Each structure stands twice: as C-alpha cells, then as structure tokens.
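Examining the three-dimensional arrangement
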Amino acid sequence: MAQGHIIPFLALALHLEQRRNCAVTLVNTPLNIAKLRRSIPPSSSVRLLEIPFRSSDHGLPPGTENTDSLPYDLILKFLISSLRLEPTLSSLVADLAAGEAGFPPPICIVTDMFFSWCADISHRYGIFHAVFNAGGGYGFACYYSLWLNLPHRRQNSVSDSGDAGEEKDSVFEEFTLPDFPEASTLHITQLPPFLQSADGSDPFSVFQRVVLSKWANADAILVNTVEGFDGLGLDYFRRKLGKPVFPIGPVLLKNSPTKTDTGMTNSPEICKNWLDSKPARSVLFVSFGSQNTIAEAQMKELAVGLEASGTNFIWVIRPPLGFDINSEFRDEDWLPEGFPERIEASGKGLLVRRWAPQVEILSHESVGGFLSHCGWNSVLESLSCGVPILGWPLAAEQFYNSKVLEEEIGVSVEVGRGKEIVVRSGDLKDKIEMVMVGGAKGNEIRRRASEIREMIKDAVNEDGEGKGSSVEAMDEFLNAAVVFRGRKIN
Ligand code: UDP
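Residues numbered from 1 in each chain as written. Predicted model: local features only at pLDDT ≥ 70, side-chain atom pairs only at ≥ 80, totals over all residues.

So, the overall build of the chain
As a reminder, the rule being used: Helix and strand labels come from DSSP, where a helix needs a run of H or I of at least four residues and a strand needs a run of E of at least two; each type is numbered from the N terminus. Each radius of gyration reported is based on C-alpha atoms, and the globular scaling rule is 2.2 Å times the count of residues to the power 0.38. Two residues qualify as being in contact provided that their C-beta atoms, derived from the backbone, are within 7 Å of each other.
Looking only at helices and strands, the chain has 19 helices and 14 strands in total. A compact globule built from 490 residues should have a C-alpha radius of gyration of about 23 Å, and the chain, at 22 Å, falls within 12% of that. Taken along the three principal axes of its C-alpha coordinates, the chain extends 65 × 60 × 55 Å. Put simply, 68% of the contacts in the chain that link residues at least 6 apart link residues at least 24 apart.

Details of the site of the ligand
We count it as follows: Placing a C-beta atom from the backbone of each residue, we mark the residue near a molecule or strand if the atom is within 6 Å of it. Only Asp, Glu, Lys and Arg are considered charged in this grouping, and only Ala, Val, Leu, Ile, Met, Phe, Trp, Tyr, Cys and Pro are considered nonpolar; every other residue, Gly among them, is considered polar.
Taken together, 20 residues lie near the ligand, and Gly4, Gly289, Ser290, Gly375 and Ser378 sit nearest. Secondary structure elements with two or more residues in the shell around the ligand: α1 (3-20), α14 (358-362) and α15 (376-384). For the shell around the ligand, the element with the most residues is α15, which contributes four residues. Of the residues that constitute the shell around the ligand, the class distribution is seven nonpolar, twelve polar and one charged.

Here we look at the packing of helix α6 (residues 137-148) against helix α9 (residues 227-241)
Keep this limit in mind: To get an axis, fit a line to the C-alpha atoms, keeping to the stretch in contact for a helix; angles then go from 0 to 180 degrees between the N-to-C directions. Orientation categories follow fixed angle ranges, with anything under 35 degrees roughly parallel, anything over 145 roughly antiparallel, 65 to 115 roughly perpendicular, and all other angles oblique. Helix crossings get a hand from a simple test, with the near helix turned counterclockwise from the far one by less than a right angle marking a left-handed crossing and a clockwise turn marking a right-handed one.
One way to put it is that α6 packs onto α9 with a least axis distance of 6 Å and a crossing angle of 45 degrees. Taken together, the axes of α6 and α9 are oblique relative to one another. Of the two possible hands of crossing, α6 and α9 adopt the one that is left-handed. In this structure, α6 uses Gly137, Tyr138, Gly139, Phe140 and Ala141 to contact α9, whose residues at the interface are Asp230, Leu232, Gly233, Leu234, Tyr236 and Phe237. Looking at the contact of α6 with α9, its residues break down into seven nonpolar, three polar and one charged.

Here we look at the confidence of the model for the chain
Test applied: Summary of the metric used: pLDDT quantifies the predictor's per-residue confidence within the range 0 to 100.
Overall, the predicted model of the chain reaches an average pLDDT of 92, with 94% of residues at or above 70. The low-confidence segment residues 155-161, where pLDDT is below 50, has 17 contacts with residues more than four positions distant or belonging to other chains. Scoring of the predicted complex yields 0.94 for pTM and 1.00 for ipTM.

Description of the sheet that holds strand β12 (residues 367-372)
How we decide: For two strands to be treated as a pair, DSSP must find no fewer than two bridges joining them.
A sheet is described by the order of its strands in space; here six strands give the open sequence β11-β10-β9-β12-β13-β14, paired in parallel fashion. The two strands at the open ends of the sheet, each matched to only one other strand, are β11 (349-353) and β14 (412-414). In this sheet, adjacent strand axes meet at a mean angle of 20 degrees when their direction is disregarded. Pairing geometry for strand β9 (residues 283-287) and strand β10 (residues 312-317), over four bridges, is parallel. Paired with phenylalanine 285 across the strands is isoleucine 314, a residue of β10.

What follows is the structure in structure tokens.
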C-alpha cells in the first residue's frame, strides 16, 4: 500500500527466488503490479498476479492503489478498502490451492501486517500463513502495544509532582507500556497526535485493533531486522503472541525503484556524478521517505542549518505539508531567499525533487550521515552501509524507531520530532556537525554505525560454518512452512 511496504515485499520475493530457489507469486492491485513489473529484473521469474480493485467504489479518487499521493484525510478510507478484498483474495487462494492458473499450489502465504486476516483464508486450504512486518522489532512492539492498550490518557499518568491521580492526570507526560516495560519510558511527544487522544472507539483505532489482534492467528511473524540489535522487540512478540518470530533481515533491494512513471525526479547519474566529486564520508543525505514531508517553516530552518553546518548534502525536497506531492515547486516560498542558487554555486548541496535513488546514494562512499524520518527501510538501508543517522521521526512507529536507534543501538541522534514542532537551525547545525565530524559523542555514533554494519554482514552470511542469524531464521521459517503443509485449521 505504501512504498515502505511494497518495496520490502519485492525484496523478499526476489530474495526467496534467487537465494532459496522458491517459486514466488506477488499479488497486488493492477497499478501496483504495473509498477512492480518495471522494478523486477528481466532475469527474475517472480510471477505477478493482479486482483481487481476500483478505488472509486470505495469513495477514493480514481487510480488510488497506494499512498504515494494519497491525502492524509483519506488514509482511513483507503485502509478500510483493503478489508473489502477478502472475497477476491479468498477465491484467488481457492484457485491457487487447486493448482489452477498453471502454478503449483502454494505452501506458504506471506501477507503484509494490514492483511493479517488472510490467516483464515490460508488455513482453510492447509497453507502456512506468515505476517511479514517490514518495520523493526522494537518500533513495532511499541506500535502494537500502544494500539492494543488504548486509551493512554490517565492510565499511566505521572503528574509533575510525581503523584498519580491528580487532576493533571489526563495530560500525562511520560509513561511505560503496560505489557512492554523493557521499552523504557516514552514521552507524550513520542506518540503521533492521534494516539495521544484516541480512546479506541474511533474507526481508525478499530481498524488498527482488528488487523493487529489478528497477528495472533498467523503461524509465524517475519520481521525485517536482525536479532543482534533488535532483540527487545522480537522477544516482546514471542512473549505476546506465543508464535515463532523470525528476524530475517535486512532483506533489501539492490537498486531503488524508479518513479519516472509519476513524473518524479529520479536521477541516479546526476546523484552519482555529484557524489563522485566529494570526499569520502563528507555528504549528508536528507530524506523523509516516500510519504512524509515537513512544514514550510521547518524546511526553511533545515535549509539554514544545512548551510551553516558547511557540510555537503543531498536533500530530497518535497512540497511541504498542505501541498500535494505533485504540486509545482515554489522555491521562493519554501526555501530561504537565494538558497538553491547559493548551494549550487558553492557545490555544497544538491536538491533532488520528490524522489531519489536512495539505496544507490546511501551505498556511495561519499555519504557519511543520513538525516532521516526513521522509516524502517531507510534505517536498514543506512545501517547496512554503516551510515549514522540524524533522526527526525514524523509519523507511525518512526518515533519509537528513533528512540531505539539513539538510546539502545547508539547509531543516531534525534534532531526533531513530529511534523509541526519548532526546530532551530542552530541546533540542527550542531547536531549535523556532531554526527558528520564531531568529537567524542560523534566518534562513538560513527563507530557504532560501523559495528552495526558488520553485525548485519554477519547476520546475512550464508556460508555453512558461519551461517548468520538471519539466514538461520529464514531456514527455520521455510522448514516450518513445509512441515505445516496440508494441515487444515477451521
Ligand atoms: N525511497 C526511495 N527514494 C526516495 C524516498 C524513498 O528510494 O526518494 C525508498 C527508500 O529507499 C525506502 C522506501 O522508499 O526503501 C521508504 O521506506 P521507509 O520505510 O524508509 O519509509 P516510508 O516511506 O514507508 O515512510
């Protein structure tokens, strides 16, 4: 539905085909299938199957099949439309299980976290069902716990004086998750605004609770992460669901998908040539993922901070909050006066509009830092290259990702939190300098990022003797699916 979900599914499909010799079928709606077709290498025989979907039947603009340009106020409608795919998916699985369409019957169905209800369909046909969580263990443990334990107001309140139960207790500041105390204290500003006030009865919470509570029906949870640095969250799910949880990551694409079909800028050669001209580890990459953006005032502060830091940077610039992703760029309104001209003349910065070849950029040796919204794919892509992070979480579980990256894993420093908060260019400048070149703390963050890169290399090592933890987890998952074959659960 979102690129942050579609991309890791494509990566998983290619991985299973190329490394595990599995026959893989990817199922999605027509426009997403058309895009996937362009991203699959010609050598691959991953099969693509379309299921019909007409967004206008669900009160959505025509052609809405993912969140690329979906206005925020339609997200719920879009999510709910996914529940209506049940009959279509059910009859598709019936056909596949009967060996129709020329494919051998599947032994395993892997679905996105929002399609956990497919467990019932899989089990009707004796097929193993796994939810693939493209987010991290810790981030999703917090996400899961927060949605399933609503409301948070009053529950764990701590007043300024430390006395629970005062009048102030509906405006808590800090709290611990009742079923995940190891997560340590969360601050109210680490909850997306909606979660701060939801009591569980609104349609968004109801949707979340339906799909999240059905994770318990899956036969396994696959997580795109590494046991070695994300064990807290993985253990939470093992305890909570009593199911096997397999950290199989990072499963990543070798090249970023292009976005040329939507008119978005995608300029691998321009980025590569520019990066080639810069010294090793001297460039900060700035991007807020595939669906988030910041406010106009924040863009200006960020621009001033970047310029003041004197660092080289590539910034994936998107229209600010309140503007459609396809809006005309209004540099004169959104950026400080003369900023694009100055950074071009000095050679310090490159602005890439809307969409960049992120994987290629992060794996270039000139990149030394990533100012990121902490979407989990971005985190994995960065850490696989040993690139430390400046976190600016904006939505969903990004807040908890940012927290674990800074407090537990030690590869990040947070520079901002949320779409509307005030960030100061001076603070940005200091933190950019610290992560890119700075003293003791910066050294430690950079050292730790290199250490995590090595940990990731070990986890995905496929050699017999030194087989990595993620490879073992993938073995165990595939074995479990084969052993399950034919077991029908009503
Ligand atoms: N991405 C990209 N170019 C961009 C923005 C994003 O290739 O300009 C890719 C990025 O490499 C990652 C995915 O889109 O694989 C974004 O996923 P993530 O989980 O980081 O964040 P989300 O977009 O879901 O918030």
